[in-house]
Protein chains: 2
Amino acid sequence: MAIEAVNLAEKLTKFSEHWSPKKVTAFNGHDIMVVKVKGEFNWHSHDDTDDFFMVLEGRIRIETEDGDVTLGPGELYVVPKNVRHRPVAEEEAHLLLIEKAGTPNTGDEATAATITEI
Amino acid sequence: MAIEAVNLAEKLTKFSEHWSPKKVTAFNGHDIMVVKVKGEFNWHSHDDTDDFFMVLEGRIRIETEDGDVTLGPGELYVVPKNVRHRPVAEEEAHLLLIEKAGTPNTGDEATAATITEI
């Protein structure tokens with residue numbers, strides 16, 4: 001039986017919209033996702049999951065109530081659950097994200113993006 | 001308060017031994033780790049965690065009971081729990097790993113590497 005690698009660069013060719021995470025595989029009840037971001041997201045927190053951000057391309061700043069962190073390619077940061085944060089990208093950046101499956105990306109079901117698998 | 005990015009390349013300068021994962025941060029009860037690998041690991045499985053492998057540098061083959069997969073930089077694969085597998089690297093490769101905290105890397109407490117944080 002063949003099993004397949006997830007090639008992140010290839011997955012990132014499949015969409016262009018910003019702030020709309022796409023699931024690429026699953027891990028222990030979590031979604032492994034890629035996302036393209038540009039501009040400022042909303043301030044939010046998640047009460048039941050840490051939030052894993054790794055930059056694949058570009059640069060982002062994660063503003064948090066505990067301070068800010070800037071990430072470039074090959075850098076990651078985990079925002080602890082309940083910590084309010086806001087990702088900001090001056091230019092388009094591509095990220096690997098991991099969150100508990102079903103987590104609203106905005107912290108609020110009403111405004112959350114629908115996560116589709118690619 | 002300052003918060004700090006995890007720079008994976010910088011973490012990888014801190015050790016040289018193979019098959020000895022180093023924790024770089026935590027995420028939802030999991031260890032986020034980097035590891036240098038070369039040669040063949042043992043066949044094993046984990047009965048309580050999926051096994052996340054992402055290649056940062058080099059190339060690995062993950063042989064599994066369901067088939068084999070080869071990963072290069074920017075590629076990842078999640079070995080489902082209970083699936084027997086063996087990572088193999090012809091040349092040294094550098095990986096990002098995620099496993100439930102406390103998981104023996106060999107699948108067996110008796111032979112597992114001790115995970116230290118760097």
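Chain A carries the name Cupin domain-containing protein in an unreviewed UniProt entry, which gives Nisaea acidiphila as its organism.

Asker: Lay out the pairing of strand β8 (residues 85-100) of chain B with the relevant residues and their values.
Answerer: Residues and elements named next belong to chain B. In terms of residue burial, β8 counts as a mostly covered element, since 12 of its 16 residues are buried. Sheet topology places strand β3 (residues 30-40) next to β8; 10 bridges connect them, and they run antiparallel. Note that in β8 the partner of E40 across the bridge is V88. Bridge count for strand β4 (residues 51-57) against β8 is 5 bridges, and the pairing is antiparallel. Its bridge partner lying in β8, E57 is registered against H94. Where strand β5 (residues 60-64) and β8 come together, 4 bridges link them in antiparallel fashion. Paired with E63 across the strands is R86, a residue of β8.

Asker: With reference to specific residues and values, describe the nonpolar core.
Answerer: By size, the foremost hydrophobic cluster in this structure holds 28 residues, and its most contacted members are F52 and L96 of chain A together with F52 and L96 of chain B. Residue contacts for F52 of chain A: discarding those within four places in its chain leaves L76, Y77, V78, L96, L97 and I98 of chain A together with F27, I32 and L96 of chain B.

Asker: How would you explain the packing of aromatic side chains if you had to name every residue and give the values?
Answerer: Applying the stated criterion to the full structure yields 4 aromatic pairs over all chains. Note that K22 of chain A overlies the ring of F15 of chain A, its terminal NZ or CZ placed 5.4 Å from the centroid.

Asker: Quick one: what's the story with the interface of chain A and chain B, residue by residue and with numbers?
Answerer: Counting from both sides, the interface comprises 36 residues of chain A and, opposite them, 36 residues of chain B. Buried surface at the junction of chain A and chain B, summed over both partners, amounts to about 2,700 Å²; 65% is from carbon and sulfur atoms. For chain A, the biggest contributors to the area lost against chain B are I3, F27 and L76 of chain A; these three give 25% of the whole. On the surface where chain A and chain B come into contact, there are 0 salt bridges. Applying the counting rule to chain A against chain B returns 12 residue pairs in polar contact (both at pLDDT 80 or more). The element contributing the most residues to the side of chain A that touches chain B is strand β6 (residues 67-71) of chain A, with 5 residues. Both strand β7 (residues 75-79) of chain A and strand β1 (residues 6-7) of chain B contribute to a ladder of 2 bridges, which runs antiparallel. Looking at the pairing, E75 of chain A lines up with N7 of chain B of β1 of chain B.

Asker: Let's hear about the relation of the copies chain A and chain B: which residues, and what values?
Answerer: The transformation that overlays chain A on chain B combines an axial shift of 0.0 Å with a rotation of 180°, and the residual RMSD is 0.0 Å. Expressed as a symmetry operation, the mapping of one chain copy onto the other fits a two-fold axis. Interface residue correspondence from chain A to chain B reaches 100%, placing this contact among same-surface, isologous pairings.

Asker: Please give an account of the environment of D68 of chain A that cites residues and values.
Answerer: Tracing the sequence through the fold places D68 of chain A in strand β6. In sequence terms D68 of chain A and R86 of chain A are 18 residues apart; their C-alpha atoms lie 9.4 Å from each other. In this structure, D68 of chain A is in contact with R61, I62 and E63 of chain A together with I3 of chain B, ignoring residues within four places of it in sequence.

Asker: Please provide a residue-by-residue account of the UniProt feature "domain: Cupin type-2" (unreviewed entry) in chain A, values included.
Answerer: With numbering aligned to this structure, UniProt lists the feature "domain: Cupin type-2" (unreviewed entry) at residues 32-97 of chain A. Taken end to end, residues 32-97 of chain A is 0% helix and 67% strand, and its first and last C-alpha atoms sit 6 Å apart.

Asker: Requested: an account of the environment of D48 of chain A, with residues and values cited.
Answerer: Residues and elements named next belong to chain A. Its location among the elements puts D48 in the loop between β3 (30-40) and β4 (51-57). A C-alpha to C-alpha distance of 8.4 Å links D48 and T103, two positions 55 residues apart in sequence. Excluding residues within four positions of it along the chain, D48 makes contact with K81 and K100.

Asker: Describe unusual backbone geometry, and please don't skip the residues or the numbers.
Answerer: Phi at N28 of chain A takes a positive value of approximately 45°, unusual for a residue other than glycine. Its location among the elements puts N28 of chain A in the loop between β2 (22-27) and β3. Despite not being glycine, W19 of chain B shows a phi value in the positive range, around 60°.

Asker: Any details on the pattern of salt bridges? Residues and values, ideally.
Answerer: Working definition: two side chains of opposite charge can pair if their charged atoms are close together. For the structure on display, the rule yields 14 salt bridges over all chains. Ionic pairing is found between R86 of chain A and E63 of chain A, a salt bridge with its closest N-O pair at 2.9 Å. Of this pair, R86 of chain A sits in strand β8 (residues 85-100) while E63 of chain A sits in strand β5 (residues 60-64), placing them 23 residues apart in sequence. The pair R86 of chain A / E63 of chain A is uniform in exposure class, with both members buried. Linking R61 of chain B and E63 of chain B is a salt bridge whose minimum nitrogen-to-oxygen distance equals 2.9 Å. Linked through salt bridges whose partners overlap, the residues forming this network are E40, R61, E63, R86 and E90 of chain A.

Definitions and cut-offs
- Residues numbered from 1 in each chain as written.
- Chains lettered and ligands numbered in written order.
- Predicted model: local features only at pLDDT ≥ 70, side-chain atom pairs only at ≥ 80, totals over all residues.
- Heavy atoms only, no water.
- Buried < 20%, exposed > 50% of the residue type's maximum accessible area, 1.4 Å probe, protein only.
- Helix = DSSP H or I, 4+ residues; strand = E, 2+ residues; numbered from the N terminus.
- Pairing = 2+ DSSP bridges.
- Core = buried A, V, L, I, M, F, W, Y, C linked by side-chain atoms within 4.5 Å.
- Contact = heavy atoms within 4.5 Å.
- Phe/Tyr/Trp six-rings, centres within 6.5 Å; stacked < 30°, edge-to-face > 60°.
- Lys NZ or Arg CZ within 6 Å of the ring centre and 35° of its normal.
- Buried area = accessible area lost by both parts, 1.4 Å probe.
- Salt bridge = Lys/Arg side-chain N within 4 Å of Asp/Glu carboxyl O.
- Polar contact = N/O pair within 3.5 Å; in protein donor to acceptor, adjacent residues only side chain to side chain.
- Least-squares fit on C-alpha atoms with pLDDT ≥ 70 in both.
- UniProt positions renumbered as here; feature names shortened; annotations may be inferred.

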